[in-house]
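Topology and contacts: notes
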Amino acid sequence: WWGHQHAQTYLASDFQSWERSGWNPTVNTQLGVRIAHHPDDKQTLSIFTEYGAGHMAFGQFFQRFESHWELGVRFDIP
């Protein structure tokens, strides 16, 4: 935690490989900052950027390749 214990940076990655797409890997990586009033709080705000590349996960389109960048905001409210 930094900033008087109000913010925490994080990096998360998900790698998957499926037979239906010829075992070609799919990756999603997210880098962000989680902000809370106190480190133990469950109510948080996260601001992040995400990159994904690989085969589409949806039904008939799983053979199509896509790559994308995203900016996002997430609210965690218990």
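A quick note: this is a predicted structure, and the numbers were derived from the prediction, not measured.

An order of 1-2-3-4 is seen for the 4 strands of this open sheet, with the pairing classed as antiparallel. Strands at the two margins of the open sheet, each flanked by one partner only, are strand 1 (7–17) and strand 4 (65–76). The average undirected angle you get between the axes of adjacent strands in this sheet is 10°. Where strand 2 (residues 25–35) and strand 3 (residues 44–55) come together, 9 bridges link them in antiparallel fashion. Residue Gly32 lies in a different strand from strand 3, and its bridge partner there is Phe48.

What counts and what doesn't
- Residues numbered from 1 in each chain as written.
- Predicted model: local features only at pLDDT ≥ 70, side-chain atom pairs only at ≥ 80, totals over all residues.
- Heavy atoms only, no water.
- Pairing = 2+ DSSP bridges.
- Helix = DSSP H or I, 4+ residues; strand = E, 2+ residues; numbered from the N terminus.
- Axes fitted to C-alpha atoms, helices over the stretch in contact; angles between N-to-C directions.

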